[in-house]
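Residue-level structural notes
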Amino acid sequence: TGPMSLECLGNILRITLSAEYFEDKYLSLFVVDQSGIAWELDEAMAAQCGYTVTYSTRRSIEFRASALSCHSHLEKDVFTVTIQIKASHTPDMNNATTHLKSASCHYDLWSPRELICESNYMEVSVRREVPQTIKDFVQDEPEDWTLAFPEGKAEEASIWQIVFHQPEEKRALLVSNAWSTGYGLNATDSRALLRVPYTAAQVQLVKVGVFLLAQQAARLCRSNQMPSLQDKGITFSVLRSSTFYKYQWVILMVDTAVACPVDGVDYTNKTITWTVPKYIPPLSAGVTSFKDVLVEAGVDLRKLSAKEMASRKYVLLNELKAIIMKIPIGAEGGYYKTSVSNGQLGVKYTINMFLEHQWEDSKWRLTKHTIIKEIETPFERAEVAITNNLNLSARIMNVTVGTFLPDVELVNLTIEGVAVAVPEAVQHGYLIHRTRYANGSKAYVIQVPLDAPSVKKKYMREDMRAYTLNVTLTFVTYPSSETFVVPVIVLSAVKDAVLPSSRGFCDGRNLHLIISHGNVDQNWLPFISHWHLTQEAAQKYNYILRDNGTHLAISVPFLSPHVSYEGFHTSAIKASFYLTLKDGITLAQRRDFSVSCIFSPSELIQCLPNGTVIITAIKLVGGEDLDTALLVLRDRQCKPSLVTEKTATFKFNVNSCGTSRKFNSTTMTYENEVLYFRPGNDTPIYQLKFLCSYAVKQTADVRYESKKNPPPSIKPGFDCLALSLKLFKEKSYSEPYQESEYPVIKYLKEALYFEVELLQPKDARLDLNLDDCWATNSQSQDSLPQWHILIHGCENNKDSYRTVFHKVSYSLRVKFPQHLKRFEVRMFTFVQGTSLLQE
């Protein structure tokens, strides 16, 4: 209970650190010796001193120590190990909490030779034979064994050196040299021990045949022959060595060869098959007889009975030639863990097998060989389930991603290209929930409102809209720290589309169309036929276009190029205006709108008091091939004075162009008609009759005063003007900034030299005057705030530095000085934060 739990498993002590207690903490592990000194544990020290640290998929940490580990205290078959754990919430280990755990285990079943194959080291301990002491012997030289391993110095018997047997040579190392090379050596009154990391230089890889029978092995040993290795043999990590130790005045030698299987695992038909040869030549040098004593197996260092194995569907085969263990993939005792390969998510089944083989032979009597082997199946790709449970009443996309194994954690989301940590996702409208299941697996639930900015909306058909959530989840695995991503693209169809609708009306001279956006036209653009109706385009034709975000309003004059005329009667003209909304990306036609109104024909006719008639003839729907320039009056020499694609305007006097007149008692009526003839045909295909009536008897009182100098009058006119606004580099106005030089960098109070020029028309009768000039805080001329530089053609009296006008004179570049205006403005700040300055 508590943060740590311990188990005595034969000659191995296991301490397990609680996953719940140490979760999300940074840890440092130490081993405390008998003097109270704490030694920090790293990989090299663990392999040399007999310690193993492993991490399970549930994040619990397992610490194992051999009975004869470097800092254990062995007394009367009881070994004691003390560890210290420091836990902190920060990687610098500040404010770390220290936990101390001391554990003792009893082990009194020592065999003459014991071998342990751990995941990070091999260990062999052998019984020492101590000769009978000669009581009268007196040593005449001082003790000369000071190079022994420190733990052996204080003993009566200590290890002196170790000799490695390699095919090409034998190499001897004193204890101190062997220790500095990474080997672990120890000695007690009764045993000598050698511990070898798998990475040691003297370790060899040797194949051991699995088809060799025990009887054949014994015969070959008696004949002093080595068995032939099979092609399909099992690879062993082997170290052949002899250890010399001294006892008072004699030197004794023991065989400390050790061998551990490296492979021998196959995966077929969803079954793990682990094969371990019984006869291992490096461990049987000089042996003339061999007999099995015991074969036991288990999981996680716990031996399993035959009944327990059967319930888990394990199979343990004790063959003559080998021990074979069969475990179904996914069986109880193992666990699945997450794996990542080339960015792809997958799983591996892991089981920590334990095998103990005891045999008797002529050399060692009893040998106990303990193998701890973590078996991991090959990578198997896994698919991630993504489920969308739309909550329509709350308008929330409820997406479940997973399930995942317990070793997976969601760390961030990529929303519209921006990586966001899970705690910060709520600022983007995302709520993340973790769901845990009884088997330890978990899933992540992502809740996003349909109206969140990152949820894309698209109109589908009728009343349906498609909502698309596109977010990428990044996960990390523990403790391997592998990362993988899961793209989540979820589409929800919702019946909530409100299509644009319209209403139209007319006044005396204009057609008006007001369109309500609805909620589906976020990217729909207004078109008149194939012509995109922008604000600039509308101004070109004197149309009025307004959009307040919810409604689009457009007003067009009765006589305009985009109005269609569908009927003409003596009392009425039907005029129609058509508008289409198109998709802003695909330009697919989405919705059509129109407004039609009846106008009086008098809108086309002006009968002036001086006898001048102005009539506008219009092209009707169905007469698209009619050329308005070829329209004539009764006198075919009278042609239109102004022609557009749809209209022709005639201006003439009532006494010309074939106009006829009629009288009655009160009025005089003039009649004429607009005609269109096909070439070579005298029958008109277009005929528009019109008349003007004047009162015959009518008097008017006119007041008249003579003035010698009548005041000048100004009549407004309309035409297309071309203007430019340029920024010059200096006061001489000789060199303007080019487009490639923008943006121009200037500092406060530096002068800016502006020039406004009327480019077209080049008419000497025109003068250019500046009315209003202002600066904005963005590229949009209508954005707020604004600061006025000129007001009604004058400087802004609120400016700290007034605008300065510069005279424009005639030059080679300036033909019409009255067409230019130049002024100077100093660089200024008119926004502080989000507030407009007052000066």
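Residues numbered from 1 in each chain as written. Predicted model: local features only at pLDDT ≥ 70, side-chain atom pairs only at ≥ 80, totals over all residues. Heavy atoms only, no water.

**Section: the overall build of the protein chain**
The helix and strand inventory of the protein chain stands at seven helices and 64 strands. Here the protein chain, with 839 residues, has 44% of them falling under the buried criterion. If you take every contact in the protein chain between residues at least 6 apart in sequence, the share linking residues at least 24 apart comes to 59%. Total accessible area computed for the protein chain in this model is approximately 46800 Å², and 51% of it derives from carbon and sulfur atoms. (Helix = DSSP H or I, 4+ residues; strand = E, 2+ residues; numbered from the N terminus. Buried < 20%, exposed > 50% of the residue type's maximum accessible area, 1.4 Å probe, protein only. Contact = heavy atoms within 4.5 Å. Areas by Shrake-Rupley, 256 points an atom, 1.4 Å probe, with all protein chains shown as cover.)

**Details of the state of the cysteines**
Summed over the entire model, instances satisfying the criterion amount to six disulfides. Across the disulfide, cysteine 117 is cross-linked to cysteine 260 (sulfur-sulfur distance 2.0 Å). Every disulfide takes its handedness from the sign of the S-S torsion; for cysteine 117 and cysteine 260 that torsion is -90°, giving left-handed. Linking cysteine 117 in strand S10 (residues 113-117) with cysteine 260 in strand S20 (residues 258-261), this pair joins segments that are 143 residues apart in sequence. The pair formed by cysteine 117 and cysteine 260 is uniform in burial state, with each residue classed as buried. A sulfur-sulfur separation of 1.7 Å characterises the disulfide bridge that pairs cysteine 506 with cysteine 597. (Disulfide = S-S within 2.5 Å.)

**Topic: the pairing of strand S59 (residues 786-791)**
The pairing of strand S58 (residues 772-776) with S59 spans five bridges and is antiparallel. Following the sheet pairing, threonine 776 is matched in S59 by glutamine 786. Pairing between S59 and strand S60 (residues 794-795): two bridges, direction antiparallel. Note on S60: the bridge partner recorded for isoleucine 791 is cysteine 794. Turn length for the S59-S60 hairpin, with the two strands adjacent in sequence and antiparallel, is two residues, and the turn residue histidine 792 shows positive phi of about 55°. (Pairing = 2+ DSSP bridges.)

**Things to note about the nonpolar core**
In this structure, Tyr183, Val196, Trp274, Tyr314, Ile327 and Ile351 are the most contacted members of the largest nonpolar core, which totals 57 residues. Per-element tally for this core: the top contributor is strand S28 (residues 344-361), with five residues. (Core = buried A, V, L, I, M, F, W, Y, C linked by side-chain atoms within 4.5 Å.)

**Re the pattern of salt bridges**
This model, assessed by the stated rule, comprises 32 salt bridges. A salt bridge links lysine 368 to glutamate 114, with the nearest nitrogen and oxygen atoms 4.0 Å apart. Of this pair, lysine 368 sits in strand S29 (residues 365-376) while glutamate 114 sits in strand S10, and the two are 254 residues apart along the sequence. Judged on exposure class, the residue lysine 368 and its partner glutamate 114 are both buried. One continuous salt-bridge network, built from bridges that share partners, spans Glu7, Arg14, Glu62, Arg64, Glu118 and Arg302. (Salt bridge = Lys/Arg side-chain N within 4 Å of Asp/Glu carboxyl O.)

**Considering the sheet that holds strand S21 (residues 265-268)**
Strand order in this open sheet of four strands is S21-S22-S26-S25, and the pairing throughout is antiparallel. In this open sheet, the two edge strands, each paired with only one partner strand, are S21 and strand S25 (315-318). On average, adjacent strands in this sheet sit at an angle of 15° to one another, irrespective of strand direction. Examined bridge by bridge, S21 and strand S22 (residues 271-277) share four bridges and lie antiparallel to one another. Along S22, the bridge assignment pairs valine 265 with tryptophan 274. (Axes fitted to C-alpha atoms, helices over the stretch in contact; angles between N-to-C directions.)

**Things to note about the side chain of lysine 278**
Residue position: lysine 278 is located in the loop between S22 and strand S23 (290-299). Only 2.4 Å separates the side chain of lysine 278 from the side chain of asparagine 318, close enough to count as a polar contact. Leaving out residues up to four positions away in the same chain, lysine 278 has contacts with Phe290, Asp292, Asn318, Glu319, Leu320, Lys321, Ala322, Ile323 and His357. (Polar contact = N/O pair within 3.5 Å; in protein donor to acceptor, adjacent residues only side chain to side chain.)

**As for the packing of aromatic side chains**
On inspection of all chains with the given rule, the structure shows 23 aromatic pairs. Taking the centre distance of 4.7 Å and the plane angle of 85° together, the rings of tyrosine 107 and tryptophan 110 count as edge-to-face. Exposure class is identical for tyrosine 107 and tryptophan 110. Each is buried. One aromatic cluster is present, formed by Phe404, Tyr444, Phe475 and Phe484 through successive ring pairs. Positioned above the aromatic ring of tyrosine 121, the side-chain terminus of arginine 195 is 5.8 Å from the ring centre. Directly above the ring of phenylalanine 677 sits arginine 636, whose terminal nitrogen or CZ lies 3.6 Å from the centroid. (Phe/Tyr/Trp six-rings, centres within 6.5 Å; stacked < 30°, edge-to-face > 60°. Lys NZ or Arg CZ within 6 Å of the ring centre and 35° of its normal.)

**As for the confidence of the model for the protein chain**
Averaged over every residue, the pLDDT of the protein chain is 85; residues scoring 70 or more account for 90%. Confidence over residues 212-221 falls short of pLDDT 50; this stretch has 17 contacts with residues more than four positions distant or in other chains. With pLDDT under 50 throughout, residues 224-231 is counted as low confidence; its partners more than four residues away or in other chains account for 15 contacts. (pLDDT = per-residue confidence, 0-100.)

**Concerning unusual backbone geometry**
Cis geometry is adopted by the peptide bond preceding proline 743, which originates at tyrosine 742 and carries an omega value of 0°. Inspection of the secondary structure assignment puts proline 743 in the loop between strand S56 (722-728) and strand S57 (751-760). Across the junction of glutamine 760 and proline 761, the peptide omega takes the value -5°, indicating a cis bond. Residue placement: proline 761 occurs in the loop between S57 and S58.

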